[in-house]
Amino acid sequence: MGSDSRSRPIAGRPLRSAGIGLRAAHYEDVVEQRPGVGWLEVHPENYFGGGLPRRHLHQAREHYPLSLHAVGLSLGSTEAVDAAHLGQLKELVDLFDPFLVSDHVSWSASGNAHFPDLLPLPYTGETLERLIANLDRVQNVLQRQILVENPSTYVSYAIDEMVESEFMNEVACASGCGILLDVNNVFVQSYNHSFDPFEYVARIRPDLVGEIHLAGHTERSFDDATLLIDTHNRHVGPEVWALYEFACERFGEVPSLVEWDSDIPDLGVLVAESDKAQEIVERSLVGGVSAGAAD
Amino acid sequence: MVGYLRVRLTELQTRFSQAIRGAEIAEAEVDALRGVMAEGGVALENRLDVYRNNVLVGCAKAVVGAFPMVESLVGEEFMRAAVDHYVVEHPPTELNLNLYGSSFPEFIGSYPPAAEVDYLADVACLEWAWQEGFYAPDEAVLDISEIATLDPDALANLSLRTGSSIALIRSAHPLDEIVDACRSDQDIGELALSQRGADMLILRQDYRLQMHRLTAPEYTFLAGMMRGASIAAVFDEIVDLGGELGPLMQKFFGLGCFVGYALMVGNPQQEDIS
């Protein structure tokens, strides 16, 4: 179903590549100031039900293309995707006509236990099978292609049968979904699991990439060594900008988003980060190869 | 082969869950994951502890955010300790974190360190109703003109369906005074609270949540409608409590409390609506 969805004209597609994550703290500022960002992304779970959040989203949607970035489908669980959760996501997709819908290559539910985090999966044939089954169900119910994001992880599996970049390509090819490449997550992973982040990005098939994420991370020290934690609480780091530039040269003009989820700054700070992303995209289009331009 | 592998991912997720769901990382479960997970650099237990901490902090943040008045009554530090206990004892069973915390009022009501603050559980109930009301689905409100055309004889058989943001809390404590104190940042210990209870209504009107203290007949009427009773079934009690049906209905229609109605069939005393 991937090729069908991609060739269909999508209402509300952004004219400018770089967008920002819309958070409750910025609802009013975004609608009043209308910053020149290309599009907005929200976590749909915050708009399940009704009331003020949904009203704010309607107001923002009048001015910007929208992407729904889910965190609760738990696509990598061995159980099927929760029907009620999926039903609520479908309601939002129908109401807000987003140009992108996404979730993660991770799991957050096991039996009755639910974890508000993106837990890591082993990259095996069995995991691939589970993800594909869940993605089929989601894409059938939503009647559209979705994107899946590579996670930040703090453990890796000795039982992996392939590297993550290869796994991402496999998931996308087999299910018809696209890839949401989070370059901050690639960098965090490369530090935590000692691999070359540029090599990872180079392995991702350009035609599968539908969106790029950028965010800040934090270093956390332990007795023995340090880990990078995907905290979304600060500016995008210089190494991540470098990786983003490399990704833009490779993937062309892909919708790119700056996420900031805690210690949220003034809207202007977030918009400046998004402007920086836009400059990099434009520079790469002038000087580089736009191999992955979707349209 | 496939069956064997499938069991393995399920088992892995179960073990992972058990390793990270406590107040501290579960060493036995970590040991069971050795060999499945790669080791090197930062120790495996520390790596898994990042997840345990993320989950705990995420859950705690959701609960603290839903109960600001309880927090202001007990203080930040006390609240943090109570919520940390709650999160470990009652981890989320829902995927939507905005609806996590429904059992916190019951928990705080039986949390031994909070035993002397006897109104805390009721304040928590009020705040949970507020939280649910905030996220309740949008509904079209029933206008009083829509029942004005009904045959007057049929009105006795009428049962009004309340909106999904509506909640009633009957407390033995003066919740309205406690709420006022919290909202004005007053020290509750220095206030002489009235020796009475309070019946509170929470509802959302025009996207804004409201809280009203109800009279006994008002509470009786609305509680009756919420359980699907007909007007006839609650009429006598309202009159006994000194209430008048007309003004009651005007008030609640004015607040936009109703979203539909049903006419009860047969004996209106029998609450046979489903």
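As the structure is a prediction and not an experimental result, all values here were calculated from the model.

1. Some words on the overall build of chain A
Regarding its fold elements, chain A presents ten helices and twelve strands. Relative to the compact-globule value of 19 Å for 295 residues, chain A shows a C-alpha radius of gyration of 18 Å, a close match. For chain A, the spread of C-alpha atoms along the three principal axes comes to 50 × 40 × 40 Å. The burial tally for chain A puts 61% of its 295 residues in the buried class. Only carbon and sulfur atoms are counted for the fraction: they give 48% of the accessible area of chain A, which is about 10500 Å². If you average the places of the 20 positive and of the 45 negative side-chain charges in chain A, the two averages end up 6 Å apart.

2. A closer look at the side chain of Arg204(B)
Positionally, Arg204(B) belongs in strand β3 (residues 198-205). By relative accessible area, Arg204(B) is classed as buried at 13%. In this structure the side chain of Arg204(B) is engaged in a polar contact, spanning 2.7 Å, whose partner is the backbone oxygen of Gly133(B). Apart from residues no more than four positions distant in its own chain, Arg204(B) is found in contact with Gly50(A), Gly51(A), Gly133(B), Phe134(B), Tyr135(B), Ala136(B), Pro137(B), Asp138(B), Ser165(B) and Leu209(B).

3. Here we look at the interface of chain A and chain B
Accessible area lost upon the coming together of the parts serves often as the stated size of an interface. Counting residues at the interface gives 51 residues for chain A, matched by 47 residues for chain B. Roughly 4200 Å² of surface becomes buried between chain A and chain B when both sides are summed, with 61% attributable to carbon and sulfur atoms. Counting across the interface, chain A meets chain B through zero salt bridges. At the boundary of chain A and chain B, one finds 17 residue pairs in polar contact (both at pLDDT 80 or more). When residues of the side of chain A that touches chain B are traced back to their parent elements, those giving at least two are α3 (52-61), β5 (107-110), β6 (113-119), α5 (125-142), α7 (183-193) and β11 (226-229) of chain A. Residue contributions to the side of chain A that touches chain B peak at seven residues, all from β6(A).

4. Quick notes on empty space enclosed by the protein
Tallied over the entire structure, the rule returns two cavities of 30 Å³ or more. By volume, the largest cavity is sized at about 100 Å³. Taken together, 14 residues make up the lining of the largest cavity; nearest its centre are Ile20(B), Arg21(B), Val55(B), Val87(B) and Pro91(B). Of all the secondary structure elements, the ones that give two or more residues to the lining of the largest cavity are β6 of chain A together with α3 (44-66) and α5 (76-89) of chain B. Here the lining of the largest cavity is composed, by residue class, of ten nonpolar, two polar and two charged.

5. Remarks on the side chain of Asp103(A)
Residues and elements named next belong to chain A. Here aspartate 103 is to be found in strand β4 (residues 100-104). Looking at aspartate 103, its side chain comes within polar contact range of the main-chain nitrogen of leucine 73, at 3.0 Å. Look past the residues within four positions of aspartate 103 in its chain and what remains in contact with it is His69, Ala70, Val71, Gly72, Leu73, Leu75, Leu147, Val148 and Glu149.

6. Remarks on the packing of helix α7 (residues 120-135) of chain B against helix α9 (residues 175-183) of chain B
All names here are of chain B. The interhelical angle for the contact between α7 and α9, taken along N-to-C directions, is 75 degrees, at an axis separation of 11 Å. With respect to α9, the axis of α7 lies roughly perpendicular. Of α9, the residues touching α7 (which contributes Asp122, Val123, Leu126 and Trp130) are Leu175, Ile178, Val179 and Arg183. Classifying every residue of the contact of α7 with α9 by side-chain character gives six nonpolar, no polar and two charged.

7. A word on the state of the cysteines
All names here are of chain A. Scanning all chains against the criterion turns up zero disulfides over all chains. Of all cysteine sulfurs in the structure, the one in cysteine 173 sits closest to cysteine 177, which takes part in no disulfide; the separation is 9.0 Å. By relative accessible area, which is 3% here, cysteine 177 ends up buried.

8. Structural notes on the nonpolar core
Core analysis: the biggest nonpolar cluster contains 138 residues, and Leu181(A), Tyr244(A), Phe16(B) and Phe104(B) have the highest contact counts within it. Apart from the residues within four sequence positions on either side, Phe104(B) is in contact with Val63(B), Phe67(B), Val70(B), Met79(B), Val83(B) and Tyr86(B).

9. Some thoughts on unusual backbone geometry
Its identity as a non-glycine residue notwithstanding, Gln143(A) has a phi of 60 degrees, on the positive side. With respect to the helices and strands, Gln143(A) occurs in the loop between α5 and β7 (147-149). For Asp185(B), which is not a glycine, the phi torsion comes out positive at approximately 60 degrees. Relative to the helices and strands, Asp185(B) is located in the loop between α9 and β3. Looking at Asp185(B), the relative accessible area reads 70%, which means it is exposed.

10. What about the confidence of the model for chain A?
Residue and element names in this part refer to chain A. This prediction gives chain A a mean pLDDT of 92; 94% of its residues lie at or above 70. Considering only residues more than four positions removed or in separate chains, one finds that residues 1-10, a stretch of pLDDT under 50, has 19 contacts. Within the model, pLDDT remains below 50 along residues 289-295, and this stretch shows 15 contacts once partners closer than five positions in the same chain are excluded.

11. Comments concerning the pairing of strand β1 (residues 158-162) of chain B
Residues and elements named next belong to chain B. By the criterion of burial, β1 is predominantly enclosed, with four of the five residues buried. Here five bridges tie β1 to strand β5 (residues 258-263), and the two strands are oriented antiparallel to one another. Residue serine 159 lies in a different strand from β5, and its bridge partner there is alanine 262.

12. What about helix α12 (residues 245-254) of chain B?
All names here are of chain B. Within α12 the residues assigned to the buried category are Leu245, Leu248, Met249, Phe252 and Phe253. Looking straight down α12, one finds that the buried residues subtend no more than 125 degrees of arc, so they occupy a single side. Across α12 from its buried face, at more than 90 degrees, point the exposed residues Gln250 and Gly254.

13. Structural notes on helix α9 (residues 238-251) of chain A
Residue and element names in this part refer to chain A. Taking 1.5 Å per residue, 14 residues should reach 20 Å; α9 reaches 20 Å between its end C-alpha atoms and fits that length. Inspection of α9 places Val240, Trp241, Leu243, Tyr244, Ala247, Cys248 and Phe251 among the buried residues, and these make up the whole buried set. In an axial view of α9, the angular spread of the buried residues amounts to 160 degrees, which keeps them on one side of the axis. The inward-facing, buried residues of α9 abut β8 (178-182), α7, α8 (197-203), β9 (209-214), β12 (256-258) and α10 (267-287). Immediately downstream of α9, the backbone of glycine 252 shows phi near 75 degrees, a positive value.

14. Looking at the confidence of the model for chain B
If pLDDT is low for a region, its predicted coordinates should not be looked at in detail. All names here are of chain B. When the pLDDT values of chain B are averaged, the result is 91; 94% of them are 70 or greater. Low confidence marks residues 1-7, where pLDDT is under 50. Its contacts with residues over four positions away, or in another chain, come to seven contacts. Between residues 268-274, whose pLDDT stays under 50, and residues either more than four places distant or in other chains, the model counts 18 contacts.

15. A word on the sheet that holds strand β1 (residues 18-21) of chain A
All names here are of chain A. Pairing is parallel in the closed barrel, where eight strands are placed in the order β1-β2-β3-β4-β7-β8-β9-β12. Put simply, the sheet's adjacent strands are angled 30 degrees from each other on average, direction ignored. The sheet contact formed by β8 and β9 spans four bridges and is parallel. Paired with leucine 180 across the strands is glutamate 211, a residue of β9. The strands touched by α9 within the sheet are β8, β9 and β12, with β9 carrying the most contacts at an inclination of about 165 degrees.

Quick notes on the rules
- Along each chain, residue indices are assigned from 1 in the same order as the chain's sequence is written.
- Chains carry letters from A onward and ligands carry numbers from 1 onward, assigned in written order.
- Predicted model: local features are reported for residues with pLDDT of at least 70 only, side-chain atom pairs are reported and counted for 80 or more only, and whole-chain, interface and lining totals are derived from all residues.
- Computation of side-chain values covers all heavy atoms of the structure but excludes hydrogens and water.
- Think of it this way: any DSSP run of H or I at least four residues long counts as a helix, any run of E at least two long counts as a strand, and we number them from the N terminus.
- Here the globule rule is a power law, 2.2 Å times the number of residues to the power 0.38, and the radius of gyration is based on C-alpha atoms.
- Partly exposed residues are those whose accessible area sits between 20% and 50% of the maximum for their type, while under 20% is buried and over 50% is exposed, using a 1.4 Å probe and protein chains only.
- For the accessible areas, the method is Shrake-Rupley and the probe is 1.4 Å, while residue cover comes only from the protein chains on display.
- As used throughout, the charge tally considers Lys and Arg to be positive and Asp and Glu to be negative, leaving His and the chain termini uncounted.
- Here the site of a charge means NZ on Lys, CZ on Arg, CG on Asp, or CD on Glu.
- The term polar contact refers here to a pair of N or O atoms within 3.5 Å; inside protein, the definition further demands a hydrogen-donor-capable atom paired with an acceptor-capable atom, and it admits residues adjacent in sequence only when both atoms are side-chain atoms.
- When checking whether two residues touch, look at their non-hydrogen atoms; a contact exists if any pair is within 4.5 Å.
- Once two parts are joined, some of their accessible surface, as seen by a 1.4 Å probe, is lost; buried area is that loss totalled over both.
- What makes a salt bridge here is a side-chain nitrogen of Lys or Arg within 4 Å of a carboxyl oxygen of Asp or Glu, nothing more.
- Points on a 1 Å grid over protein atoms alone make up a cavity when a 1.4 Å probe fits among them but cannot get out, and a pocket when they form an open set with protein on both sides within 12 Å along at least five of seven lines; lining residues each have an atom within 4 Å of a point.
- Grid points are joined across faces, edges and corners, and a volume is the space filled by probe spheres set on the points.
- Residue polarity is assigned by list, with Asp, Glu, Lys and Arg as charged and Ala, Val, Leu, Ile, Met, Phe, Trp, Tyr, Cys and Pro as nonpolar; anything else, Gly included, falls into the polar class.
- Axis definition: a line fitted to C-alpha atoms, limited for helices to the stretch in contact. Angles are taken between N-to-C directions and run from 0 to 180 degrees.
- For this classification, under 35 degrees means roughly parallel, over 145 means roughly antiparallel, 65 to 115 means roughly perpendicular, and everything else is oblique.
- The definition used for a disulfide is geometric: two cysteine sulfur atoms within 2.5 Å.
- What is meant by a nonpolar core is a set of buried Ala, Val, Leu, Ile, Met, Phe, Trp, Tyr and Cys residues, joined one to another through side-chain atoms within 4.5 Å.
- For every residue, the predictor states its confidence as a pLDDT score lying anywhere from 0 to 100.
- A strand pair is defined by DSSP finding two or more bridges across the two strands.
- Working note: the arc is built from the helix axis to C-beta atom directions.
- A helix is expected to span 1.5 Å multiplied by its residue count minus one.

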